[in-house]
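# Observations on the model geometry
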Amino acid sequence: MTFLDMLRGAEQRNASLLCVGLDPDPARFPATLRGDASRIHDFCAAIVDATADLAIAFKPQIAYFAAHRAEDQLERLIGHIRRAAPHVPVILDAKRGDIGSTAEQYAVEAFERYGADAVTLSPFMGFDSVEPYLRYEGKGAFLLCRTSNPGGDDLQNQRLAGVEGEPRLYEHVAGLAQGPWNRNGQLGLVVGATYPSELERVRALAPSVPLLIPGVGAQGGDAVATVRAAWRGDAAQTTGPVVVSSSRAILYASAGEDFAAAARREAQRTRDVLHAARGV
Ligand SMILES: O=C(O)c1cc(=O)[nH]c(=O)n1[C@@H]1O[C@H](COP(=O)(O)O)[C@@H](O)[C@H]1O
């Protein structure tokens, strides 16, 4: 089954556009686990168990594991997701980008070591830095397009003189992902929920690719505006899925021992807001 099939399946089965981001910070764990990096797996597994029927995807952020020498726990966690939520795809948030030969190694890491269904990538080094990931049939790759952080303006909002129509860089990336770079329908785009008008522009330029949209929750993005900007209905399944990601607001909804139940409540609330905003 392809990443896209899994995504559409989880969207239907869990009635959800919500991606649960797994950004484990031991300093924010409840008292019995706090500061203990050996419990990263256990913390995240509890979140997965509490949200398995609410998520369109899980998105582990690799830095939160690597920083604590916890890559083995990430491997185990992905194994746990396969057992607890076999219908929910895993997007490895790695934001890789390098020359082709190195990209080949990163692709092995993402798809063979971790067995992820999709990965986030920087498109900054061009198509030959993206192509090694596309050799993995059915796997997905989300290109950073208009990121959620204010500094995204520094480059992504600059106009490209010399390119027809002088598009902004993020508009150009959207056009590449919708068109010439998307040889086998594996590409998606990352667009921050913090910039709904740019999100709407990206959806207009790239109607059929999946959009991964972080920035609701802790970064203050407006969940309703996000869905209104990106959602185009799914009747004919010709428009790309909308995957709205939230990490800290769910993971740390409670600092107490009830963290998993609180995460479930916050995930359910967000899922319901996103779903209702579709207006169908
Ligand atoms: O690729 C991403 O997931 C990403 C892109 C982006 O533009 N902004 C962004 O915040 N992210 C990631 O999404 C997550 C956001 O976390 P919260 O702000 O806690 O929901 C982090 O893991 C970020 O690395």
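Since the structure is predicted, the reported quantities are computational estimates derived from the model, not experimental observations. (Residues numbered from 1 in each chain as written. Predicted model: local features only at pLDDT ≥ 70, side-chain atom pairs only at ≥ 80, totals over all residues. Heavy atoms only, no water.)

The subject of this paragraph is the sheet that holds strand β6 (residues 187-191). Read from one edge to the other, the open sheet built from 8 strands follows the order β2-β1-β8-β7-β6-β5-β4-β3, with strand pairing classed as parallel. Taken across any chain shown, the strands that pair with only one partner, and hence form the sheet edges, are β2 (57-60) and β3 (91-96). Averaged over all pairs of adjacent strands, the angle between their axes in this sheet comes to 30 degrees, without regard to strand direction. Along the sheet, helix α8 (residues 169-178) contacts β5 (140-146) and β6; its crossing angle with β5, the most-contacted strand, is approximately 155 degrees. (Pairing = 2+ DSSP bridges. Helix = DSSP H or I, 4+ residues; strand = E, 2+ residues; numbered from the N terminus. Axes fitted to C-alpha atoms, helices over the stretch in contact; angles between N-to-C directions. Contact = heavy atoms within 4.5 Å.)

On to the UniProt feature "active site" (unreviewed entry) in the protein. Here, UniProt's "active site" (unreviewed entry) annotation points to K95. Topologically, K95 is positioned in strand β3. Setting aside anything within four residues of it in sequence, one finds K95 in contact with Q61, T120, L121, S122 and L144. Within the structure, K95 has its side chain in polar contact with the side chain of D93 (distance 2.9 Å). (UniProt positions renumbered as here; feature names shortened; annotations may be inferred. Polar contact = N/O pair within 3.5 Å; in protein donor to acceptor, adjacent residues only side chain to side chain.)

Side-chain alternation along β2 places A57 and K59 on one buried face and F58 and P60 on a second face that is also buried. As paired strands, strand β1 (residues 18-22) and β2 are joined by 4 bridges and run parallel to one another. In the sheet register, V20 faces β2, and the bridge partner there is F58. Taken together, β1, helix α2 (residues 40-51) and β2 form a β-α-β motif whose crossover is right-handed. (Buried < 20%, exposed > 50% of the residue type's maximum accessible area, 1.4 Å probe, protein only. Right-handed = clockwise from strand over helix to strand, strands pointing away.)

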